[in-house]
Amino acid sequence: MSGESEAQGDARGSTALVLQGGGALGAYQAGAVEALGATPRQLDWVAGISIGAINAALIAGNPPEKRISHLRAFWELVSLRLPWHPARDAPEPLRIWWDSAMAWWGSTGGVPGFFHPRPVWNWWPQPPASLYDTSPLRQTLLEMVDFDYLNDGPIRFSVGAVDVQSGNFTYFDNRIERIGPEHVMASGALPPGFGAVRIGERWYWDGGMVSNTPLAYVMDHLAHDRDAVVTIFQIDLFNARGKLPDNLGDTQERMKDIQYSSRTRFVSDLVHERHGLHQRLHRMAALLPVRTRNSPQVRELLADTQDPAIDLVHVIHRRKPFETLTKDYEFSHLSMDEHWKAGRADMDASLALLRRQKPLQPGEFRVLDHQPDRSMARRPSVRKPVFTGNSSDEDDSRTAR
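Quick summary incoming for the structure in this document. (Residues numbered from 1 in each chain as written. Predicted model: local features only at pLDDT ≥ 70, side-chain atom pairs only at ≥ 80, totals over all residues. Heavy atoms only, no water.)

Side note on the overall build of the protein chain
Along its length, the protein chain carries 14 helices and eleven strands. Counting all 401 residues of the protein chain, 52% fall into the buried class. In the protein chain, 74% of the contacts between residues at least 6 apart in sequence involve partners at least 24 apart. (Helix = DSSP H or I, 4+ residues; strand = E, 2+ residues; numbered from the N terminus. Buried < 20%, exposed > 50% of the residue type's maximum accessible area, 1.4 Å probe, protein only. Contact = heavy atoms within 4.5 Å.)

Structure, rendered in structure tokens:
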């Protein structure tokens, strides 16, 4: 967008954050939010899964002037420190060793303000249902999140979890119910590390077991208003695309990336296709005689096709050469700081890309990625797929970068 069109979009549009789960990688999202907070753009909705739910609570549960300081306080609290750490340009084998050692430290000793191992007596006469006790996280949330502000404030808040007994996926939404720390903890209760969290009469696990990206929920609950403009920043911690692994460790990491990326681009393509179908329905209805077009049957058919114009901005964590399968539970302060800075840089680049785009047309759907991945793999079989291109003058149905 030009500066003028961006200001216009902010005045009549809304902004949503979609935050993927990913454990220690969540500092990347905090850095991205810091960059976004430096702009005049106001947040209207934040949705998250797992660590994305925790970041979402820190965002929605604090006024703008306290938001970044509370995010920073949380990530400083849960970061493991030693008096010495490798230089940022250390040889790759040394960094791999360091990260693995720090991941081992956190998994055996726990992470301050987050979780600690269950004591040995919990293992008799039978093993517990989870490895760690997350009561420290509850206390951290109560100290750093104003839940009255979260529930009564201006930001819509949604987090996903899965019912342990029914297997059903559900969202907790502050526009539907009062949110407490247990809802946030349920969204991040990934077994067997973390135990199920009770809410009412039901028990819940991490929503990432079913879907690690809450994009579909946000898209399904946007207001049907063709005159509205919505910008969705989807901040992902796992990249769906990657190289062919050549050892067991890389294989396990690649499996994790594919599993928890939750088909980010595939979902985006499906949403784009739905928007295109709705546009074609409107063009078809325009060809009907006026009396038929205004009939109750046609009006009912078109009632749920009044899509807002949407910019979906992908902000995706890209794997560093030394990262391994431990990256999502490696809580060293060195890695936290690197993730934070990477998220801030990628959001800055994404905002610069967004400013270069033309104003959206009514009902238009556009996908933006400042660093689209090149892949020779076949794309999903979706009609009129989203493509990538170099120019900000790309056809309005295509991905820009």
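There's more to say after this.
Description of the pattern of salt bridges
Counted under the stated rule, the structure contains 23 salt bridges. With a shortest N-O distance of 3.8 Å, Glu182 and Arg138 are connected by a salt bridge. Taken together, the residues span a long stretch of sequence, with Glu182 in helix 8 (residues 181-187) and Arg138 in helix 6 (residues 135-144) at a distance of 44 residues. On the accessibility criterion, Arg138 (38% relative accessible area) is partly exposed. (Salt bridge = Lys/Arg side-chain N within 4 Å of Asp/Glu carboxyl O.)

Focus: the packing of helix 4 (residues 64-77) against helix 14 (residues 333-355)
Between helix 4 and helix 14, the shortest axis-to-axis distance is 10 Å and the interhelical angle comes to 150°. The pairing of helix 4 with helix 14 is recorded here as roughly antiparallel in orientation. Residues Ile68, Leu71, Arg72, Trp75 and Glu76 of helix 4 pack against His333, Met336, Asp337 and Trp340 of helix 14. Residue composition of the contact of helix 4 with helix 14, grouped by class: five nonpolar, one polar and three charged. (Axes fitted to C-alpha atoms, helices over the stretch in contact; angles between N-to-C directions. Parallel < 35°, antiparallel > 145°, perpendicular 65-115°, else oblique. Nonpolar A, V, L, I, M, F, W, Y, C, P; charged D, E, K, R; others polar.)

A few points about empty space enclosed by the protein
One water molecule sets the probe size; rolling that probe over the atoms shows where empty space is left. The final tally for this structure, using the stated rule, is four cavities of 30 Å³ or more. If you go around the second largest cavity, the residues you meet are Arg95, Asp99, Phe322, Glu323, Thr324, Thr326, Lys327, Glu330, Ser335, Glu338 and His339. Counting only elements with at least two residues in the lining of the second largest cavity, the list comes to helix 5 (92-109) and helix 14. Counting residues per element, the lining of the second largest cavity draws most heavily on helix 14, at three residues. Of the residues that constitute the lining of the second largest cavity, the class distribution is one nonpolar, four polar and six charged. (1 Å grid on protein atoms, 1.4 Å probe; cavity = no way out; pocket = protein on both sides within 12 Å on 5 of 7 lines; lining within 4 Å. Points joined across faces, edges and corners; volume = space filled by probe spheres on them.)

A closer look at the packing of aromatic side chains
Summed over all chains, the structure comprises 14 aromatic pairs. Seen in terms of ring centroids, Phe169 and Tyr171 are 5.1 Å apart; in terms of plane orientation they differ by 75°. Their pairing is edge-to-face. An aromatic cluster is defined as three or more aromatic residues linked by ring pairs; in this entry it consists of Phe74, Trp75, Phe114, Phe115, Tyr132, Phe194 and Phe331. Across the ring face of Trp340, the terminal group of Arg72 is positioned such that the distance to the ring centre comes to 3.9 Å. Sitting over the ring of Trp45, Arg156 keeps its end group 4.2 Å from the ring centre. (Phe/Tyr/Trp six-rings, centres within 6.5 Å; stacked < 30°, edge-to-face > 60°. Lys NZ or Arg CZ within 6 Å of the ring centre and 35° of its normal.)

Quick word on the layout of surface pockets
When its volume is computed, the largest pocket comes out at roughly 670 Å³. Elements supplying a minimum of two residues to the lining of the largest pocket: helix 3 (51-60), helix 5 and helix 10 (248-261). Grouping the constituent residues of the lining of the largest pocket by class yields 19 nonpolar, twelve polar and three charged.

As for helix 6
Three or more residues of helix 6 are buried, namely Pro136, Leu137, Thr140, Leu141 and Met144. For helix 6, the arc enclosing every buried residue in end-on projection is 135°, short of the 170-degree limit, so these residues lie on one face. As for helix 6, its buried residues are in contact with helix 3, helix 4, strand 3 (116-117), strand 4 (132-133), helix 7 (147-152) and helix 8. (Arc of directions from axis to C-beta.)

Thoughts on the environment of Gly363
Relative to the helices and strands, Gly363 resides in the loop between helix 14 and strand 11 (365-369). Separated by 88 residues in sequence, Gly363 and His275 place their C-alpha atoms 7.4 Å apart. Ignoring sequence-local partners within four residues, the contact set of Gly363 consists of Arg226, His275, Gln279, Asp307, Pro308 and Ala309.

Points about the nonpolar core
Within the largest apolar cluster, 68 residues are counted, with the highest numbers of intra-cluster contacts made by Leu17, Trp75, Phe114 and Phe157. No other element matches the eight residues that helix 3 contributes to this core. In this structure, Leu17 is in contact with Val33, Leu36, Leu43, Trp45, Val46, Ala47, Ile59, Phe233 and Ile235, ignoring residues within four places of it in sequence. (Core = buried A, V, L, I, M, F, W, Y, C linked by side-chain atoms within 4.5 Å.)

Points about a nonpolar patch on the surface
A contiguous nonpolar surface patch, about 340 Å² in accessible area, is contributed by Leu82, Trp104 and Trp105. Examined against the element boundaries, Trp104 turns out to sit in helix 5. (Patch = residues over 30% accessible without salt bridge, like charges linked within 9 Å, V, L, I, M, F, W, Y side chains within 5 Å. Areas by Shrake-Rupley, 256 points an atom, 1.4 Å probe, with all protein chains shown as cover.)

Some words on the pairing of strand 10 (residues 309-316)
The buried fraction of strand 10 is high, at eight of eight residues. By the alternation rule, side chains of strand 10 split into Ala309, Asp311, Val313 and Val315 and Ile310, Leu312, His314 and Ile316, which are all buried. Where strand 10 lies against strand 11, five bridges are found, and the strand directions are parallel. Its bridge partner lying in strand 11, His314 is registered against Asp369. (Pairing = 2+ DSSP bridges.)

Brief notes about unusual backbone geometry
The peptide bond linking Trp124 to Pro125 adopts the cis configuration, its omega dihedral lying at 10°. Along the chain, Pro125 falls in the loop between strand 3 and strand 4. At the junction of Pro191 and Pro192, the peptide bond is cis and its omega measures out at 0° in the coordinates. You can see Pro192 is positioned in the loop between helix 8 and strand 7 (197-199). Although it is not a glycine, Ser50 sits at a positive phi angle of roughly 60°. On the basis of relative accessible area, Ser50 is assigned to the buried category, the value being 13%.

Section: the packing of helix 2 (residues 27-37) against helix 4
Put simply, helix 2 and helix 4 touch, their axes get as near as 10 Å, and they point 160° apart. Viewed along their axes, helix 2 and helix 4 adopt a mutual orientation that is roughly antiparallel. Here the hand of the crossing between helix 2 and helix 4 comes out left-handed. Along the contact surface, helix 2 presents Ala27, Ala30, Val33 and Glu34, while helix 4 presents Ile68, Leu71 and Trp75. (Left-handed = near helix turned anticlockwise from the far one by under 90°.)

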